[in-house]
Amino acid sequence: MSAQLANDVDAVAHAASLIRNSKRVIVLTGAGFSTPSGIPDFRSSGSGLWTRYLPMEVASLSTFRYDPEKFFAWLRPLASHMLSAVPNNAHLELARLERQGCLRAVITQNIDALHIRAGSQNVLEVHGTLNSLTCINCYHHFKSMGIIEPYIENGSLPHCPDCDHLLKPDIILFEEQLPNDIWRRAQQEAKSCDLMLIAGTSLEVMPSAGLPVRALENGARLVVVNKSATYVDMRADVHIDGDVSEIIPQISAEVLDG
Ligand SMILES: [Zn+2]
């Protein structure tokens, strides 16, 4: 066994024992949690699909308002990827941990709804979801399924079945506030947890990136599983540099079956 592998095995066992001995475990996930499901990180440069546009500029409320054609053209390949993706092992294991009473909540920065599709119940989608849309005129709310397919297939913009105005996907764009109620609950979970598992996020997008500090201030332990460094690694009890779809199932097996 190589030294690196031995370290990982130790780290997985340590992470699992911390989780087993905690009462209020929560998870914070980001783009790296969905890359094993084939969804590129649309914020990172060089991810091919998105280099034509600057996300900050096109994924913004003003582009949606003043140039919806451009906004929807940008979103289309991303939405197509997300709606055809399936939850990976890491998503499924988090749902299993929750069912077994070992996990209270999943806070996610992802808009792909894969945690919900994997069966997690208490999911706080702080950046919204592609799973539904809201009419900009009558505020009626619609599930994407059944409405979004023609847009994905031929680019025709989604319109309200009730009043025919444009529908806005329920995702949080640049220049927009996070959804108030969900963000408040996420902060509450962060303040009251005794262990936060940070998985598949480099903690670069505020304000979600600040949640681990809320947890630390209240004495919680941190476990980090990510392919690159995060600013809280030094303050984490365990830091595992790896792919969530490999590491999370190992941790979960140790917690539940170990
Ligand atoms: Zn409407």
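To start, this report covers the structure provided alongside it. Quick caveat: nothing in here was measured; it's all calculated off a predicted structure.

**With respect to the environment of P207**
Mapped onto the elements of the fold, P207 is located in the loop between β7 (195–199) and α10 (211–217). When the C-alpha positions of P207 and D237 are compared, they lie 23 Å apart, and in sequence the two are 30 residues distant. Apart from the residues within four sequence positions on either side, P207 is in contact with L178 and W183.

**Observations concerning the sheet that holds strand β1 (residues 25–29)**
Strand order in the open sheet made by the six strands is β3-β2-β1-β7-β8-β9, with parallel pairing throughout. Each edge of the sheet is formed by a strand with only one pairing partner; in this case those strands are β3 (123–125) and β9 (238–241). Direction aside, neighbouring strands of the sheet carry axes that sit 15° apart on average. Where β1 lies against strand β2 (residues 105–108), four bridges are found, and the strand directions are parallel. Looking at the pairing, V27 lines up with V106 of β2.

**So, the packing of aromatic side chains**
Scanning the model with the defined rule gives five aromatic pairs in all. Ring centres of F64 and F71 lie 5.3 Å apart, and the angle between their planes is 85°; on these two criteria the pair is classed as edge-to-face. Taking the relative accessible area as the measure of exposure, F64 reaches 5% and is therefore buried. The buried category is assigned to F71, whose relative accessible area is 0%. Relative to F72, the ring of F71 lies with its centre 5.1 Å away and its plane at 85°, an arrangement referred to as edge-to-face. Aromatic rings pair up to connect F64, F71, F72, W74 and Y151 into one cluster.

Rules used in this analysis
Residues numbered from 1 in each chain as written. Predicted model: local features only at pLDDT ≥ 70, side-chain atom pairs only at ≥ 80, totals over all residues. Heavy atoms only, no water. Helix = DSSP H or I, 4+ residues; strand = E, 2+ residues; numbered from the N terminus. Contact = heavy atoms within 4.5 Å. Pairing = 2+ DSSP bridges. Axes fitted to C-alpha atoms, helices over the stretch in contact; angles between N-to-C directions. Phe/Tyr/Trp six-rings, centres within 6.5 Å; stacked < 30°, edge-to-face > 60°. Buried < 20%, exposed > 50% of the residue type's maximum accessible area, 1.4 Å probe, protein only.

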